[in-house]
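Structural overview for review
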Amino acid sequence: GDIRGTLFFEFARCVQEVRPKIVLAENVKGLLTHDGGRTIRTMMGVIESFGYKVLEPRILKAVYHDVPQKRERMILIAHKPGIEFEFPKERDYIVTLREALKNIPDSPGVSYSPRKEKVLALVPPGGYWRDLPAKIQKSYLGKSFYSGGGRTGMARRMSWDEPSLTLTCNPAQKQTERCHPDHTRPFKVREYARIQTFPDDWKFAGSTYSQYSQIGNAVPVNLAWHVGNAIVEALKKSK
């Protein structure tokens, strides 16, 4: 494949110019299957051609790395010969929303439309559209009611005893509701930030929607910390 004009081209250029001991790339897990796996193989080949050992890409589940959210990210690591890198080990516990949202400062948020609020008020914690009365299921799902496939993201209410599902950039989006366990509303900005493991004093700029977007697009802080820590360990060992 031709990588010119892509963001990856610039990434590869930086690697070539800086020649770091360890290279880290992160993306959505869909990149592994993009164009039948050719895209990721091309990327790996380019980095390899600079003299790096490229490790098999790994899907890391944030939920096993101190993040109260079922989010998956693809991590690609490459290193110079002679360096030994080990991916962070999965923790043997998970963090629930109850633990994550303790003593949370108030913050701006958005609300559902009156119609959506009425519908979601009928969904129990941990439930989704199948828990609605049949008539309401049909009118709420519209065409999707008759389509096959998952649709399990629709009209979801989160549960205190589990991590959240992956947060999206728009908290009131139709296909991916992540309703608060107790209140019939999306998570507020600071709740979003906690679920992505940002500290409470981390400031986000711009409009409320822009803040949701920044948080929703981010790599969860604790996941990044664990990967960063693994890189530090590998560099320490290679001195």
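The structure contained in this document is the topic of the report that follows. All values reported here derive from a predicted model rather than from experimental measurement.

Moving on, we get to the overall build of the chain. Looking only at helices and strands, the chain has eight helices and six strands in total. Summarising its shape, the C-alpha atoms of the chain cover approximately 60 × 40 × 35 Å along the three principal directions. Here the chain, with 239 residues, has 44% of them falling under the buried criterion. Pairs at least 24 apart in sequence give 66% of the contacts found in the chain among residues at least 6 apart. Put simply, the chain shows about 12,900 Å² of open surface, and 54% of that area lies on carbon and sulfur atoms. Positive and negative charge centroids in the chain, built from 38 and 25 side chains respectively, lie 5 Å apart.

Turning next to empty space enclosed by the protein. A probe matching the size of a water molecule, rolled over the atoms, marks out where space remains unfilled. With the rule as written, the count across this model stands at one cavity of 30 Å³ or more. In this model, the largest cavity occupies a volume close to 40 Å³. If you go around the largest cavity, the residues you meet are Phe8, Phe11, Val23, Ala25, Ile47, Leu76 and Ala78. Elements with a minimum of two residues in the lining of the largest cavity: helix 1 (7–18), strand 1 (22–27) and strand 5 (72–79). Of the residues belonging to the lining of the largest cavity, the class tally is seven nonpolar, no polar and no charged.

Bringing the side chain of Gln69 into the picture now. Assignment of secondary structure puts Gln69 in strand 4 (residues 69–70). A distance of 2.8 Å separates the side chain of Gln69 from the backbone nitrogen of Leu167, its partner in a polar contact. Residue contacts for Gln69: discarding those within four places in its chain leaves Ala62, Val63, Pro163, Ser164, Leu165, Thr166, Leu167, Ile195 and Gln196.

Procedures and definitions
- Residues numbered from 1 in each chain as written.
- Predicted model: local features only at pLDDT ≥ 70, side-chain atom pairs only at ≥ 80, totals over all residues.
- Heavy atoms only, no water.
- Helix = DSSP H or I, 4+ residues; strand = E, 2+ residues; numbered from the N terminus.
- Buried < 20%, exposed > 50% of the residue type's maximum accessible area, 1.4 Å probe, protein only.
- Contact = heavy atoms within 4.5 Å.
- Areas by Shrake-Rupley, 256 points an atom, 1.4 Å probe, with all protein chains shown as cover.
- Lys, Arg positive; Asp, Glu negative; His and termini not counted.
- Charge placed at Lys NZ, Arg CZ, Asp CG, Glu CD.
- 1 Å grid on protein atoms, 1.4 Å probe; cavity = no way out; pocket = protein on both sides within 12 Å on 5 of 7 lines; lining within 4 Å.
- Points joined across faces, edges and corners; volume = space filled by probe spheres on them.
- Nonpolar A, V, L, I, M, F, W, Y, C, P; charged D, E, K, R; others polar.
- Polar contact = N/O pair within 3.5 Å; in protein donor to acceptor, adjacent residues only side chain to side chain.

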